[in-house]
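So you can see what is in the structure, the chains are spelled out below.
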Amino acid sequence: QLQLVESGGDLVQPGGSLRLSCAASGFTLENYGIGWFRQAPGTERQGVSFISPSGGRTYYADSVKGRVTISRDNAVNTVFLQMNNLKPEDTAVYYCAVRRTLGATWEEPSDYGNWGQGTQVTVSS
């Protein structure tokens, strides 16, 4: 089955950095836009960032803009999310997913599929 696997989540201090990875298996990632989403307990899943198939277009949620960078290496079938200056409010399970539908916006979870199981990011002192 087509799957994405997230990794790289950890417990970090405020102001710290993490690089999350989203690795594809069962299909070639290069033809798909990939989104990163996050979900904190008791909240809805929200978009964090998006990258187009070639990497030429990227989008970021206002809450993370300037602190995160999305990138991809299609040669290794992986999308990355570099997160710097992390804040406690960044604490969540982070998911990546394949954009399946061209909706009105990039950050609608229902437009995505092939969700991974997520990786936990905890920002705390």
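Shown above is the structure to which this text applies.
Residues numbered from 1 in each chain as written. Predicted model: local features only at pLDDT ≥ 70, side-chain atom pairs only at ≥ 80, totals over all residues. Heavy atoms only, no water.

Draft legend 1. Structural context of the overall build of the chain. Broken down by element type, the chain carries zero helices and eleven strands. Reading the chain from its N terminus to its C terminus gives the helix and strand order β-β-β-β-β-β-β-β-β-β-β. For a compact globule of 125 residues, the expected C-alpha radius of gyration is about 14 Å, and the chain comes in at 13 Å, within 12% of that figure. For the C-alpha atoms alone, the extent of the chain along its principal axes is close to 40 × 30 × 25 Å. Put simply, 58% of the contacts in the chain that link residues at least 6 apart link residues at least 24 apart. With an accessible surface of roughly 6,400 Å², the chain has 45% of that area assigned to carbon and sulfur atoms. (Helix = DSSP H or I, 4+ residues; strand = E, 2+ residues; numbered from the N terminus. Rg over C-alpha atoms; globule rule 2.2 N^0.38 Å. Contact = heavy atoms within 4.5 Å. Areas by Shrake-Rupley, 256 points an atom, 1.4 Å probe, with all protein chains shown as cover.)

Draft legend 2. Inspection of the state of the cysteines at higher detail. The final tally for this structure, using the stated rule, is one disulfide. Each sulfur of the disulfide joining Cys22 and Cys96 lies 2.0 Å from the other. Here the disulfide of Cys22 and Cys96 is right-handed, its torsion about the S-S bond being about 85°. Of this pair, Cys22 sits in strand S3 (residues 18-25) while Cys96 sits in strand S9 (residues 92-99); the two residues are 74 residues apart in sequence, bridging distant segments of the chain. Grouping residues by exposure puts Cys22 and Cys96 together as buried. (Disulfide = S-S within 2.5 Å. Buried < 20%, exposed > 50% of the residue type's maximum accessible area, 1.4 Å probe, protein only.)

Draft legend 3. Examining the pairing of strand S1 (residues 3-7) more closely. Only one face of S1 is covered, namely the one carrying Leu4 and Glu6; the face carrying Gln3, Val5 and Ser7 has none of its residues buried. Direction of pairing for S1 relative to S3: antiparallel, over a ladder of five bridges. If you follow Gln3 over to S3, its bridge partner there is Ser25. (Pairing = 2+ DSSP bridges.)

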